[in-house]
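# Summary of the model geometry
Here's the letter readout for the chains.
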2 protein chains.
Amino acid sequence: MSTVTHARMTPTALRILGTAEQLFYQHGLRAVGVERIADEADTTKKTIYDRFGSKDGLITACLQRRSDRWHAFVTAYIDEHHPAPGLPQVMGVLDALEQWMADNTRGCGFVNAYAELAGTGHEALPIIAAEKAWTRDLYVSLLSALAVPDADLRGRELAIVHEGAVVQMTAGEQADALAVARALQQRLVAEAVEAGLRPVGSHP
Amino acid sequence: MSTVTHARMTPTALRILGTAEQLFYQHGLRAVGVERIADEADTTKKTIYDRFGSKDGLITACLQRRSDRWHAFVTAYIDEHHPAPGLPQVMGVLDALEQWMADNTRGCGFVNAYAELAGTGHEALPIIAAEKAWTRDLYVSLLSALAVPDADLRGRELAIVHEGAVVQMTAGEQADALAVARALQQRLVAEAVEAGLRPVGSHP
DNA sequence: ACGTAACCATACCGGTCGGTATACTTGCAG
DNA sequence: CTGCAAGTATACCGACCGGTATGGTTACGT
C-alpha cells in the first residue's frame, strides 16, 4: 500500500491535502467527491490520483495530516504556556482543546472518520486508534512528570473525560461541557497529586 | 414535515425500520442505499418511499427508534437490577451500557449519525441532541434521588465520563475503558454522596 | 360488492460516484 | 539536448445513487 507521507510532497499535493482535510472534516468522508476536492484545490482528478492513488489513499493521508496537526498544536500550546510540570500543565491540554475547537466545531475528526470507516478494513483505521492513544499517553506522561501514583490509570481517566467533553459539546449540544470537564479534571489531578505527597498507607 | 412515529405502523414498515436501523448503524448512513434496505427487508423501494417519504425520513425514524430502544433498555435494566436509589443504581447505567455494547460494537449510533449529519440542516439532528440530553438527565435524576448536592453538575460529569468511555472503547480501541470509567464514576458518586451526608460548611 | 390501503415487481430517470484514458504543457536535472 | 516528473484539460467508463412511474395483487372495512 505504501502510505503517502508528508515529507517531500509536491506543492500541489500539499494543496490537495489541505483542501481535502478541510472538506472531509466539514462534510464527512463519503459526502465529498474527488471531483469537488479537485475543483476547490484548483487542480484535476488526474493529479489527485497520480499523487494519492485512490480516494482511500487520500483519506488516509488527510487523517495522518490531521493527527500531526493536532499533536503539533497541543505540544506547542503546552510548551508556550506551561513549560514546567504541574497541575496547570496538565490542564493545558483542555485549554488547547478549547482553542482547537473554536475552528473545529464538528467534533472529533477521528471519531467522525471512525463512524464511516469502522467495520470496513480501511487502511486509515490504525491512524485513528493511534491518535487516541497519543492523546491518552500525553495525559499519562504529564502526570508521570508530577510523580503521581498510578499515572497510567489516572491519565486514562483524564483522557476519558477529555473525549466525553468533546462529544457533549458537539453531538450533545452542551456548550458548557468543556467547563464541566475542566473542573472535573482539575479535581482529579489535584487528588492524584495529593495522593502522591502522602506517604504510602498513611491515610489519617 | 410530519415525522413518522412508531405508533400504528404497518408490519412491513416496522420490518423496514428494523432492517434499516441495523444497516445504518453497521455501515453508516450514506454507505447504505435504499435499494439494499429494500432487499434485506424483503420489500421494495416503492413501499419504503410510500411509508417514509424519503431516505432522510427513514433515517429520522431509525434514529428515533434507536433512541427509544436505548431508553427502554436502560430503564428496564435499572428497574430490574437496582430498583432502589443508591450508588449501585447509578452504576447501573454503565452496567446497562456494557450489555448494550456487546451487540453494538461500532460506538454510539448518535455520535456516528452526527458525524454524517452535522452542518446539514437534517431533521434528525434534534433527535441526536435529545438523546444525549436524556442520558445526561438520567444521571442527574438518579443522583437527585440520592439527595446529592449539585446533582445537576455531578450528573453532567457522570455523563461526560459515560460518553468518553464509549469513544475510548471503540475509536480508541481501549477494551478496558469501560472498567476505568466505572471505577471513576463510582469514586465520583461516593464523593458526592459523602458530601451530601456532611452538614453544609462543616469541613473538618 | 366495492373502495381503498398495503404491498410486490420491475423498469426507468437524471445525476453523481470513483477511477481511467488521452493528449498537451512546463520546468528541471542528467 | 533530452528525458522525465508534474501538472492541466477534458472526455469517458460502468456502477450506483435517490426517487418516480406503472401496473398488478391481496385483504379488509363499510
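Rules of the game
- Residues numbered from 1 in each chain as written.
- Chains lettered and ligands numbered in written order.
- Predicted model: local features only at pLDDT ≥ 70, side-chain atom pairs only at ≥ 80, totals over all residues.
- Least-squares fit on C-alpha atoms with pLDDT ≥ 70 in both.
- Contact = placed C-beta atoms within 7 Å.
- Near = placed C-beta within 6 Å.
- Helix = DSSP H or I, 4+ residues; strand = E, 2+ residues; numbered from the N terminus.
- Nonpolar A, V, L, I, M, F, W, Y, C, P; charged D, E, K, R; others polar.
- Core = buried A, V, L, I, M, F, W, Y, C linked by C-beta atoms within 7 Å.
- Buried ≥ 20, exposed ≤ 12 C-beta atoms within 10 Å, placed from the backbone.
- Expected span 1.5 Å × (residues − 1).
- Axes fitted to C-alpha atoms, helices over the stretch in contact; angles between N-to-C directions.
- Parallel < 35°, antiparallel > 145°, perpendicular 65-115°, else oblique.

### Remarks on the relation of the copies chain B and chain A
Relative to chain A, chain B is turned by 180° and slid 0.0 Å along the rotation axis, the superposed coordinates differing by an RMSD of 0.0 Å. Taken together, these values place the two copies in the relation of a two-fold axis. In terms of C-alpha distance to the rotation axis, chain B has Gly164 of chain B as its closest residue, with the C-alpha 1.8 Å off the axis. Most of the interface of chain B is mirrored in chain A: 100% of its interface residues are interface residues there too.

### Let's talk about the protein's contact with DNA strand C
The environment of DNA strand C is formed by 20 residues, the closest being Gly33 and Lys55 of chain A together with Thr10, Thr12 and Thr43 of chain B. Of the residues forming the surface near DNA strand C, the biggest block, four residues, is contributed by helix H3 (residues 45–52) of chain B. Looking at the surface near DNA strand C residue by residue, the classes come out as four nonpolar, seven polar and nine charged.

### Let's talk about the nonpolar core
Counting residues in each nonpolar core, the largest one holds 112 residues, and the members touching the most others are Val111, Ile160 and Ala181 of chain A together with Val111, Ile160 and Ala181 of chain B. Apart from residues no more than four positions distant in its own chain, Ala181 of chain B is found in contact with Ile160 of chain A together with Leu94, Val161, Gly164 and Ala165 of chain B.

### What to know about the interface of chain B and chain A
Listed per partner, the contact involves 38 residues of chain B and 38 residues of chain A. Considering every element that reaches the side of chain B that touches chain A, the biggest residue donor is helix H8 (residues 151–169) of chain B, with twelve residues. Looking at the side of chain B that touches chain A residue by residue, the class counts come to 19 nonpolar, eleven polar and eight charged.

### Thoughts on the protein's contact with DNA strand D
The immediate surroundings of DNA strand D are formed by 20 residues, with Thr10, Thr12 and Thr43 of chain A together with Gly33 and Lys55 of chain B found nearest. If one sorts the elements of the surface near DNA strand D by residue count, helix H3 (residues 45–52) of chain A sits on top with four residues. Among the residues forming the surface near DNA strand D, the class breakdown is four nonpolar, seven polar and nine charged.

### Overview of unusual backbone geometry
Residues and elements named next belong to chain B. At Asp42, a residue that is not glycine, the phi angle is positive and equals roughly 55°. By secondary structure assignment, the location of Asp42 is in the loop between helix H2 (34–40) and H3. If you check the backbone angles, Asp150 has positive phi at about 55° while not being a glycine. Structurally, the position occupied by Asp150 is in the loop between helix H7 (125–144) and H8.

### Quick notes on helix H1 (residues 11–27) of chain B
For an α-helix, the turn length of 3.6 residues means that residues three or four places apart are oriented alike. Residue and element names in this part refer to chain B. Taking 1.5 Å per residue, 17 residues should reach 24 Å; H1 reaches 24 Å between its end C-alpha atoms and fits that length. All of the buried residues in H1 are Ala13, Ile16, Leu17, Thr19, Ala20, Glu21, Phe24 and Tyr25. Buried residues in H1 make contact with H2, H3, helix H4 (55–81) and helix H6 (109–117). Of the residues flanking the end of H1, it is Gly28, one or two places downstream, whose phi is positive at about 100°.

### Some details on the packing of helix H8 (residues 151–169) of chain A against helix H9 (residues 177–197) of chain B
It is at 10 Å that the axes of H8 of chain A and H9 of chain B come closest, and there the two elements cross at 90°. Judged by the inter-axis angle, H8 of chain A sits roughly perpendicular to H9 of chain B. Here Leu153, Arg156, Glu157 and Ile160 of chain A of H8 of chain A come into contact with H9 of chain B, specifically with Ala177, Val180, Ala181 and Leu184 of chain B. Here the contact of H8 of chain A with H9 of chain B is composed, by residue class, of six nonpolar, no polar and two charged.

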